[in-house]
Amino acid sequence: MGDRPTGKFSATSFHTSMLHQVLGRSASDHLLHSYHRSFNGFVAKLTHDEAQRLKGMQGVMSVFPNGKKQLHTTRSWDFMGFSEHVKRATTESDIIVGMLDTGIWPESQSFSDENFGPPPKKWKGSCQTSSNFTCNNKIIGAKFYRSDKKFSPFDFKSPRDSEGHGTHTSSTAAGGLVSKASLFGIGFGTAIGGVPSARIAVYKICWFDGCADADILAAFDDAIADGVDIISISVGSFSAVNYFEDTIAIGSFHAMKKGILTSNSAGNSGPDAASLANVAPWTLSVAASTVDRKFVTRVKLGNGEVYEGISINTIDYKGKMFPLIYGGDAPNRTGGYQGSNSRFCSLGSLDEKLVQGKIVLCDELNDGFGAATARAVGSVMQGNDDRDVAYSFPLPNSYLDLYDGSKIASYLNSTSIPTATILKSTAEKNEFAPVVASFSSRGPNPITNDILKPDLTAPGVDILASWTQASSPSEGDPRISPFNIISGTSMSCPHATAAAAYVKSFYPSWSPAAIKSALMTTATPMSVEANSDAEFAYGSGHLNPSMAVNPGLVYDAGELDYVKFLCGQGYSDKNLSLVTGDNRSCSNSTNATVWDLNYPSFALSTKPGNNTTQVFHRTVTNVGSAVSTYRAVVYTRPGLMIKVQPSVLYFKSLYQKQSFVVTVTANVGKSVNMISASLVWDDGVHHVRSPVVAFVAPPTND
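In this text the structure is predicted, and so the values were computed from the model without any measurement.

Asks: Quick one: what's the story with the overall build of the chain, residue by residue and with numbers?
Replies: Assigned secondary structure in the chain consists of 16 helices and 35 strands. On C-alpha atoms alone, the chain measures out to a radius of gyration of 26 Å, which is about the 27 Å that the 2.2 N^0.38 rule sets for 702 residues. Based on the C-alpha atoms only, the size of the chain along its principal axes is roughly 80 × 70 × 60 Å. Burial statistics for the chain: of 702 residues in total, 57% are counted as buried. As displayed, the chain has an accessible area near 27400 Å², and 50% of this comes from carbon and sulfur atoms. Counting 59 positive and 60 negative side-chain charges, the chain places the centres of these two groups 4 Å from one another.

Asks: Can you explain the nonpolar core? Please cite residues and give values.
Replies: Judged by nonpolar contacts, the single largest core of 69 residues is most densely connected at Y243, W282, L519 and L566. With seven residues, helix α11 (residues 489-506) is the largest single contributor of residues to this core. When residues no more than four places from it in sequence are discounted, the contact partners of L566 are Y243, F253, W282, Y571, L576, V579 and T580. The next biggest cluster of nonpolar side chains, apart from the first, holds 28 residues, and it includes L100, A219, V228 and I260.

Asks: Lay out the sheet that holds strand β34 (residues 674-682) with the relevant residues and their values.
Replies: Spatially, the five strands line up as an open sheet ordered β28-β35-β34-β30-β32, and their pairing is mixed. The sheet is open, and its two borders are formed by β28 (602-606) and β32 (648-651), each paired with just one other strand. Adjacent strand axes in the sheet meet at a mean angle of 15°, parallel and antiparallel pairs treated alike. Sheet topology note: the strand β30 (residues 628-635)/β32 ladder contains four bridges and is antiparallel. The residue of β32 that forms the bridge with T629 is Y650.

Asks: Please provide a residue-by-residue account of helix α5 (residues 213-226), values included.
Replies: For α5, spanning 14 residues, the distance from its first C-alpha to its last is 20 Å, which sits close to the expected 20 Å at 1.5 Å a residue. Of all 14 residues in α5, 14 are buried, a share of seventy percent or more.

Asks: I'd love a proper account of the pattern of salt bridges, names of residues and values included.
Replies: Counting across every chain of the model gives 18 salt bridges. Put simply, K143 and D226 hold a salt bridge, and the shortest N to O gap is 3.3 Å. Placement of K143 in strand β6 (residues 139-144) and of D226 in helix α5 is noted, with a sequence separation of 83 residues between them. For the pair K143 and D226, a shared accessibility class is recorded, and that class is buried. Members of the salt-bridge network, linked through shared partners, are K143, D222 and D226.

Asks: Outline the packing of helix α4 (residues 165-174) against α11, listing residues and values.
Replies: Orientation of α4 relative to α11, taken along the N-to-C sense of each, is 30°, at an axis distance of 8 Å. Of the two possible hands of crossing, α4 and α11 adopt the one that is right-handed. Contacts from H165, H168, T169, T172 and A173 in α4 reach S490, M491, P494, H495 and A498 in α11. Split by residue class, the contact of α4 with α11 holds four nonpolar, six polar and no charged.

Asks: Quick one: what's the story with the sheet that holds strand β27 (residues 553-554), residue by residue and with numbers?
Replies: Pairing between the strands of a sheet comes from backbone hydrogen bonds, and it takes one of two forms, parallel or antiparallel. What the four strands build is an open sheet, ordered β27-β29-β33-β31; its pairing is antiparallel. Lying at the two open borders of the sheet, with one neighbouring strand each, are β27 and β31 (640-645).

Asks: Would you mind going over the UniProt feature "active site" (unreviewed entry) in the chain in detail, with residue names and values included?
Replies: Following the UniProt record, the feature "active site" (unreviewed entry) maps to D101, H165 and S490 here. Over a stretch of 390 residues, the named residues converge on one spot in the fold, their C-alpha atoms separated by at most 9.8 Å. The residue D101 is located in strand β5 (residues 96-101) in this model. Polar side-chain contacts of S490 include one of 2.8 Å to the side chain of H165.

Asks: With reference to specific residues and values, describe the side chain of T522.
Replies: Position of T522 relative to the elements: it lies in the loop between α12 (512-521) and α13 (535-538). With relative accessibility at 11%, the residue T522 sits in the buried group. Side-chain polar atoms of T522 contact the backbone oxygen of A518, separated by 2.6 Å. The residues contacting T522, other than those within four sequence positions of it, are N544, M547, A548 and P551.

Asks: Could you give me a rundown of the environment of T613, with the residues and numbers involved?
Replies: Residue placement: T613 occurs in strand β29 (residues 611-622). Through-space distance from the C-alpha of T613 to that of M641 is 9.1 Å; in sequence the pair is 28 residues apart. Setting aside chain neighbours within four positions, we find T613 in contact with T663, V664 and T665.

Asks: Give me the environment of D221: which residues, what numbers.
Replies: By the element assignment, D221 lies in helix α5. The spacing of D221 and A255 is 34 residues in sequence and 8.6 Å in space, taken between C-alpha atoms.

Asks: How would you explain α11 if you had to name every residue and give the values?
Replies: An ideal rise of 1.5 Å per residue puts 26 Å on 18 residues; α11 measures up with 26 Å between its terminal C-alpha atoms. A large share of α11 lies buried, amounting to 17 of its 18 residues.

Asks: How would you summarise unusual backbone geometry if you had to cite specific residues and measurements?
Replies: Residue G270 is joined to P271 through a cis peptide bond whose omega torsion reads 0°. Residue placement: P271 occurs in the loop between β14 (261-265) and β15 (284-289). Its identity is not glycine, yet N115 carries a phi of approximately 70°, on the positive side. The phi dihedral of K180 falls on the positive side, at around 60°, and the residue is not glycine. Residue classification places K180 among the exposed residues on the basis of a relative accessible area of 67%.

Asks: Can you tell me about the side chain of N278, naming the residues and giving the values?
Replies: Residue position: N278 is located in the loop between β14 and β15. Among the residues examined, N278 registers a relative accessible area of 2% and is labelled buried. There is a polar contact of 2.7 Å between the side chain of N278 and the backbone oxygen of S265.

Asks: Can you explain the domain arrangement of the chain? Please cite residues and give values.
Replies: Domain parsing of the chain yields domain 1 (76-292 + 437-547), domain 2 (293-429) and domain 3 (598-696). Here the C-alpha centre of domain 3 lies 51 Å away from the C-alpha centre of domain 2.

Criteria and thresholds
Residues numbered from 1 in each chain as written. Predicted model: local features only at pLDDT ≥ 70, side-chain atom pairs only at ≥ 80, totals over all residues. Heavy atoms only, no water. Helix = DSSP H or I, 4+ residues; strand = E, 2+ residues; numbered from the N terminus. Rg over C-alpha atoms; globule rule 2.2 N^0.38 Å. Buried < 20%, exposed > 50% of the residue type's maximum accessible area, 1.4 Å probe, protein only. Areas by Shrake-Rupley, 256 points an atom, 1.4 Å probe, with all protein chains shown as cover. Lys, Arg positive; Asp, Glu negative; His and termini not counted. Charge placed at Lys NZ, Arg CZ, Asp CG, Glu CD. Core = buried A, V, L, I, M, F, W, Y, C linked by side-chain atoms within 4.5 Å. Contact = heavy atoms within 4.5 Å. Pairing = 2+ DSSP bridges. Axes fitted to C-alpha atoms, helices over the stretch in contact; angles between N-to-C directions. Expected span 1.5 Å × (residues − 1). Salt bridge = Lys/Arg side-chain N within 4 Å of Asp/Glu carboxyl O. Left-handed = near helix turned anticlockwise from the far one by under 90°. Nonpolar A, V, L, I, M, F, W, Y, C, P; charged D, E, K, R; others polar. UniProt positions renumbered as here; feature names shortened; annotations may be inferred. Polar contact = N/O pair within 3.5 Å; in protein donor to acceptor, adjacent residues only side chain to side chain. Domains from an automatic or database assignment.

If you want it as structure tokens, here you go:
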């Protein structure tokens, strides 16, 4: 995407003219959308040959297909020590959070505009009021995007949310206080967003079939021009792609140029290594972790024994016992299934005549539709999968480990009339929290190894927040609820979004990099013992919003710093322009190594068993006490030597900058593949912490 030309400029006429040159005929029917508010580009219907001709025209920076991205789907704020009573800036109501998601359910109590004044004067957006959708002084703007104009009958042709995801993320970030919130009595308490006084601007980019790249760019274009302060996008590909091919990286770069930080989800492809989806260094990449509350679902057998599993079960059978059957004993033989198949209870594998009205014991974790379509009344699943996340199912269900599952199987075989019931889920204390969720995508960074990603982690497991009234909280359940409990880095992202907005409310002039640095360097360190992937799982640590407003020092960076970084990555001038949107080129003066990007963390990839030394250059800006002295404190482990020069930084005024050099020598791979350490700048009040990680570089595909 190119920069928008200055002065009078008719984007539609200009883009139509370009298409006319390519097509040799009228082009108005081929132009689907013009980006013109924040950058210059368009979406068009073209054949492959036509796209190639357009690509070869002078002034065209890039042409790429309109791909699809996917969504990365109360107690959490209190768990972080960030209650509704935390100190707040009087300007919080001037903060506008741009939510790029599935839309919003405006009638939710979380979005009431009671006691809100008119929108901030800086707001330049609008509200698309189609399909009975209206905005208010809380939801001050809303738009929807569908470049191909293909709408499902299940979607609203408006910013209204039919899926629930966008309502959930919006209320997590900036929803107002709602008392007595729960999912059919589960998770009962007060629901509130991180910045409840902030305004919400909605950009609906995701539909029944995903989130189109063309629509993502259109939303960025509008959000930047509308005047949002923070952008939140819980969306991404299944794996990371090069920055110049990534619409989120491109859109967020333009946002960064205008002083807007983009917070995005790290991805849900964990615990595989290098599975991150969003890794651009100018964005905040957020992993997902647990809170100190978990939901358990107990199974009671006819012999009185009770076993504890994991799930979200909102159905209360009030102790009623049902016949219990093993899925392997109920194969749908007319459908070609044997017991060896039906034991997993997959869709169509069970004999309805044998299963109807019973609880089924299944040998794996699945979506529960196999038992539901066979008209069972519940299912008990057993397996070795991680049990750190409670999922909802179309029927009462509980997921047990293999040990307890074997006990139930033994009982089932010990009596001629086995019975069981599944109890309604209850909330219990999770004493091991926070731990990064098994589904949360892991590093190392697959695009730029030596930029540590994710940046930090935040609550993303079993999060209660508002929900659409257009669909059930769980597929197959006809009931409607104003709240739902779901998990994903989609849920952790709006927590970090809110924390960034909170910092912005105190320091409106801070750059995106400064805000990001404040969040990272004040994050709470996490246990390597509880998180075997260490910084590749949690980055700088666990989000701590109340500390982030007083970071002491920040690692700042701007557009030129990121251009130097891209040049140092070997990007051609053309590929550079795809990200930056202008015609600048790389030269000796704009060529910097990845280790010189002023990032709040340090990462070094090495070869196994080799001594590797790398020098990092950093600059910090004083935002704490005007006159202060910071001393470097290094915490390291065998195999990793860290030298800081100078080791003491003296400041005489606010916003004064001081530079230092970190030399890291690592020998990794003889017994471990990764060594974690940290550098802390300490003035006795502030502890500005940065992780230092050395690791064996993953093999390349060359």
